[in-house]
Amino acid sequence: IAAASGGVGWFPQSVQAKIRSMKFWCKLLKNERNPAHTVFLDQCKNINNTCWANHIKQYLDELGLSHIWRAKTTNIDYSISIKQRILDQYRQTWNASINAMPKLDYYCKYKTEFKFEKYLYTLVNDSVRRSVSCFRLCSHNLEIEAGRFSNIPRQDRNCKLCNMNTVESEFHFLLCCPSLSSLREKHFEQYYRSWPNIQKFNRLMSTENKPKILNIGKFVKEAFVVREQLLIANNN
C-alpha cells in the first residue's frame with residue numbers, strides 16, 4: 001500500500017482528516033464571535049483526554065508545534081504552515097516505511113519522492129502500464145518475489161533463465177539476464193545495455209523522458225512473455 005500510494009502521490013484519509021481538523025481550528029481561533037469559539041475556550045480550561053481541544057493539542061505536539069497551541073494568536077493564520085508540517089511528516093514516515101521493507105529493496109533506491117509518477121499517464125496502453133506498475137511494486141513472479149512463498153532464502157532465489165547463478169531481481173531482469181538481451185537491444189540504447197550497474201538501473205527507472213518510459217513499458221511487457229515461454233520450454 002505504501003508503495004502504491006507513493007506512486008500516485010495520494011495522501012491517506014487520516015492525513016486529510018488531520019489537515020481539515022487543523023484548518024477548522026485555525027479558522028475557529030480567529031472567529032471570536034463564533035459560539036464554538038467559546039466552547040473551545042471552555043474545553044481548554046477543563047481539558048481532558050476525550051475533548052476535541054485535547055485532540056488538537058496532541059496533533060500539534062506530535063508535529064513539534066506545541067508553541068502554536070500555547071500562543072493561540074488570533075491574528076496569525078497557522079493553517080498553511082501546519083498543513084505543510086503534516087505533509088512533510090507523512091512523507092518522512094512513508095520514506096522510512098518503504099526503506100524498512102526488504103520486498104521493496106530496489107523500489108526504494110529509485111523511488112525517493114512521494115509524487116505522481118509520469119509513466120502512469122505516459123503509458124496509455126492499459127496492459128503495458130499494468131505490467132510496469134506490477135514490476136515497480138514487486139507484484140510479479142520473478143524469483144526474488146516468488147521465492148518468498150516457497151521459503152527460499154533471498155540469496156538463493158536465482159534466475160532460471162540463465163547460468164549467471166545470481167538472484168532474479170528486478171535489476172537482473174531489466175539489465176542483466178542474457179536470455180533477454182535481444183529485447184534490450186531492441187528497446188534500450190547502448191548506454192544501458194553495456195556494463196549494467198545499479199546507478200543505471202535507478203536512472204532508467206526514475207526517468208521522466210517519454211521515449212525511455214515507452215521503451216521500458218515495451219520491454220517489461222514483452223520480457224515477461226518471453227520469460228514465461230522460456231520457463232515452459234525448459235520444463236518440457
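Check the entry above for the structure.
Below, the structure is looked at part by part. In this text the structure is predicted, and so the values were computed from the model without any measurement. (Residues numbered from 1 in each chain as written. Predicted model: local features only at pLDDT ≥ 70, side-chain atom pairs only at ≥ 80, totals over all residues. Heavy atoms only, no water.)

1. Structural notes on unusual backbone geometry
Piece 1. Unlike most non-glycine residues, N151 shows phi in positive territory, near 55°.
Piece 2. As for its position among the elements, N151 is in the loop between helix 10 (143-146) and helix 11 (170-176).
Piece 3. With a phi close to 55°, N165 is a non-glycine residue in the positive phi region.
Piece 4. Mapped onto the secondary structure, N165 falls in the loop between helix 10 and helix 11. (Helix = DSSP H or I, 4+ residues; strand = E, 2+ residues; numbered from the N terminus.)

2. A word on the state of the cysteines
Simply put, the disulfide is a covalent bond whose two ends are the sulfur atoms of two cysteines.
Piece 1. By the definition in use, this model includes 0 disulfides.
Piece 2. Here C176 is not cross-linked by a disulfide; its sulfur's nearest cysteine counterpart is in C177, at 8.6 Å. (Disulfide = S-S within 2.5 Å.)

3. Brief notes about helix 4 (residues 52-62)
Think of an α-helix as 3.6 residues a turn; residues three or four steps apart then line up on the same face.
Piece 1. Taken together, the buried positions of helix 4 are occupied by A53, N54, I56 and L60. Down the axis of helix 4, the smallest arc covering the buried residues is 160°, so these residues share one side.
Piece 2. Buried positions along helix 4 lie against helix 2 (13-30), helix 3 (35-45), helix 5 (66-71) and helix 6 (79-99).
Piece 3. With its phi angle positive at about 75°, G64 sits one or two positions after the end of helix 4. (Buried < 20%, exposed > 50% of the residue type's maximum accessible area, 1.4 Å probe, protein only. Arc of directions from axis to C-beta. Contact = heavy atoms within 4.5 Å.)

4. A short note on the environment of P153
Piece 1. Take P153: it is sitting in the loop between helix 10 and helix 11.
Piece 2. A relative accessible area of 38% means that P153 is categorised as partly exposed.
Piece 3. Placed 66 residues apart in sequence, P153 and F219 show a C-alpha to C-alpha distance of 28 Å.

5. Comments concerning the packing of aromatic side chains
Piece 1. A complete count under the given rule lists 18 aromatic pairs for this structure.
Piece 2. Pairing Y106 with F201 gives two aromatic rings, centres 5.7 Å apart and planes at 80°, and the pair type is edge-to-face. With Y106 in the loop between helix 6 and helix 7 (107-110) and F201 in helix 14 (residues 198-205), the pair connects residues that are 95 residues apart, well separated along the chain.
Piece 3. Looking at F201, the relative accessible area reads 0%, which means it is buried.
Piece 4. Grouped by ring-pair contacts, the aromatic residues Y106, Y107, Y110, F171 and F201 constitute a single cluster. (Phe/Tyr/Trp six-rings, centres within 6.5 Å; stacked < 30°, edge-to-face > 60°.)

6. What about helix 15 (residues 210-235)?
Piece 1. Here helix 15 is 26 residues long and its end C-alpha atoms lie 38 Å apart, about the 38 Å a rise of 1.5 Å per residue gives.
Piece 2. Residues of helix 15 that are buried: I213, I216, G217, F219, V220, A223, F224, R227 and L231.
Piece 3. In this fold, the buried residues of helix 15 make contact with helix 8 (119-122), helix 9 (126-136), helix 10, helix 11, helix 12 (181-187) and helix 14.
Piece 4. N-capping of helix 15 is provided by N209, with a side-chain oxygen placed 3.1 Å from the backbone N of K212. (Expected span 1.5 Å × (residues − 1). Polar contact = N/O pair within 3.5 Å; in protein donor to acceptor, adjacent residues only side chain to side chain.)

Read these as geometric descriptors, not functional statements.
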